[in-house]
Amino acid sequence: MISSENIAIVKSTAPILAQTGPALTAHFYERMFNHHPELKDVFNMSNQRNGNQREALFAAICAYANNIDNLEALLPAVEKIAQKHTSFLITAEQYQIVGEHLLATIDEMLAPGEAVLNAWAAAYGVLADIFINREAQIYQENAQKEGGWRGLRQFTVIEKNITSKFITSFVFKPTDGGKVMTYKPGQYLGINIQSAQFDNHEIRQYSLSSEPQDDRYQISVKREQHGKVSNYLHDEVNVGDTVMLLPPAGDFFLNVNSTTPITLISAGVGFTPMMAMLKTLAKHPMPINWLHATENGEQHCYRDEIKQLQSNYSQLYRHIWYNQPLSSDIQGQDFDDAGLMNLNTVQQQLLQPDMQFYLCGPVPFMQFVAKQLIQMGIDTNRINYECFGPNKVLLA
C-alpha cells in the first residue's frame, strides 16, 4: 500500500512531470540503455527511434499518477501492457532496473527533493508489483495449458504464401512435433529473431490470422518500407527454416455470445486479427459485417477467400473500399466503393442495438472510423480496437 501522504505528493507533482513531455522518457531510455545495453535485446528499438515507445511510456506515467488513488481505473491498461510484456519475456528483475533509472531521471531532470523521490519510488513499487504478479500468472497459465510453454520454443516454417503485393503469410509447426496452445481470435504471436544481420535480438508481435488449430499457427506480415523484421521475414525466412516463438498473448480478442451481432472493421494489414475472428464464426447465428479498406486490388489480401466465406456464411455481409482503384479493379466485383471508408453507406447494417464493433488498422484510420460510429450513436463501450505497436488512445 502507498500512504495517503505519498499519494498526495505524486498527484501534486504529476503536472510538473507532464510539463517535461516525452523528453522525460527520452532521457530515461537513453540512461537505461547506456547502463544496461543488454535490454536492447528486449525492447523494440524501432519504436525507440520513431518515438512511439517514449510517447506510450509518458502517457502511462501520466495516467498512473492521475489515477494513483483509483487503481481500478487502470486495470484495463495494466492487462494490455502485461500481455505485451509476457510476449517480450519481461522479468521481475527488469522492473527493478526500470525503477532505478526512472527515479534517477526524475532526479536529474527536475531535482524535486528526497520527499518527492521517495513518494514516486513507493508509487512505482506498487505498480511494479501489480505487473509482476499479473505477468507471473500469465506465464504460469501458458505453461500449464495443453500445448503451452513458457519462454521460447522452436517452430518450423511449413508454408510461406504471398497473399498480396506487400503481405505474406507464414505457417509454423512445433519442431518437437507437439501440440500448440489455443488462443483467442484476435490475439498475437511473439517472434524472436536472432540473426547476424542484426545488432540485437529483435522481438515482434504479429496477429494470428487463422482460426485456432492444435498443431500450428499462422501469421500474416506486411512488408514495411523500413521494417527491419518484416523485410527479414519476407526475404530470408523460407519453408523448412526454424524460428523461435513466444506463446500467444493480447487483450484484444473476440468476446461475444450467440446472440451478439458483430462488425469487423479493418484497413490494410489490420485484417489479420479479423480473419482469425471471422473463421471462428462459421456457425454464429447473428449478423456479421466484414468492412475492409485497402489501397487497391494489388494490396487486397484474401479477397477470394472472403468471397468464399460469404457464400458459405448466410449471415455474413461484406463491403470493401479501395482508396485508389487500379484500372484492372472492377467495382461491384472486386470492391464496392472508391475512396475512404464511409460508414454512412452501410449504416443500416450497423445500427442493431447490441452489435459489437472490432477495429484494427492504422491509428488515424481507426480514429476516423470510431468518430463515424460515435456520430451514429454507437456507445464507446461497444467499440473494441487493437493498435499495432505501443498502445495509443483512440477513444478520448
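These notes cover the structure that comes with them.

Cut-offs and rules
Starting from 1, residues in each chain are numbered consecutively following that chain's sequence as written. Given that this is a predicted model, residues contribute local features only at a pLDDT of at least 70 and side-chain atom pairs are listed and counted only at 80 or more, while totals for whole chains, interfaces and linings are drawn from all residues. Side-chain numbers here rest on the full set of heavy atoms in the structure, without hydrogens or water. Any two strands with at least two DSSP-identified bridges between them are counted as paired. The helix count covers DSSP runs of H or I at least four residues long, the strand count covers runs of E at least two residues long, and both are numbered beginning at the N terminus. With axes taken as lines fitted to C-alpha atoms, and helix axes fitted only over the stretch in contact, angles between N-to-C directions fall between 0 and 180 degrees. Relative accessibility decides the category of a residue: with a 1.4 Å probe and only protein chains considered, values under 20% of the type maximum give buried, values over 50% give exposed, and everything between is partly exposed. Consider the strands pointing away from the viewer: the crossover is right-handed when the path from the first strand over the helix to the second runs clockwise. Polar contacts here mean pairs of N or O atoms no more than 3.5 Å apart (in protein, one a potential hydrogen donor and the other a potential acceptor; neighbouring residues in sequence count only if both atoms are side-chain atoms). Note on contacts: a residue pair qualifies if any of its non-hydrogen atoms lie within 4.5 Å across the two residues.

### A look at the sheet that holds strand 3 (residues 188-193)
Alright, step 1. Taken together, the 6 strands give an open sheet; going across it, the order is 4-3-6-1-2-5, and neighbouring strands pair in antiparallel fashion. Each edge of the sheet is formed by a strand with only one pairing partner; in this case those strands are strand 4 (202-207) and strand 5 (217-222). Mean inter-strand twist for the sheet, computed between neighbouring axes without regard to direction, equals 40 degrees.
Alright, step 2. Pairing analysis gives 4 bridges linking strand 1 (residues 153-162) to strand 6 (residues 242-249), with the strands arranged antiparallel. Across the sheet, residue glutamine 154 finds its bridge partner in strand 6, namely methionine 244.

### Quick word on the pairing of strand 9 (residues 316-322)
Alright, step 1. Counted residue by residue, strand 9 has 6 buried out of 7 residues, so it is predominantly covered.
Alright, step 2. Pairing of strand 8 (residues 288-294) with strand 9, which is carried by 7 bridges, proceeds in the parallel orientation. Considered in strand 9, the bridge of threonine 294 is made with tyrosine 322.
Alright, step 3. What joins strand 8 to strand 9 is helix 10 (residues 303-312), and the crossover it makes is right-handed.
Alright, step 4. Two elements, strand 9 and strand 10 (residues 337-338), share 2 bridges in a ladder whose sense is parallel.

### Some points on the side chain of aspartate 329
Alright, step 1. With respect to the helices and strands, aspartate 329 occurs in the loop between strand 9 and strand 10.
Alright, step 2. There is a polar contact of 2.8 Å between the side chain of aspartate 329 and the backbone nitrogen of leucine 326.

### Description of the sheet that holds strand 9
Alright, step 1. Spatially, 10-9-8-7-11-12 is the arrangement adopted by the 6 strands of the open sheet, whose pairing is parallel. Edge positions in the sheet fall to strand 10 and strand 12 (383-386), since each of these pairs with one other strand and no more.
Alright, step 2. In this structure, strand 7 (residues 262-267) lies alongside strand 11 (residues 356-360), joined through 5 bridges in parallel fashion. Residue pairing in the sheet places leucine 264 in a bridge with tyrosine 358 of strand 11.
Alright, step 3. Docked against the sheet, helix 9 (residues 271-279) engages strand 7, strand 8, strand 9 and strand 11, running at close to 150 degrees with respect to strand 7.
Alright, step 4. Running over the sheet, helix 10 touches strand 8 and strand 9 and is turned about 155 degrees from strand 9.

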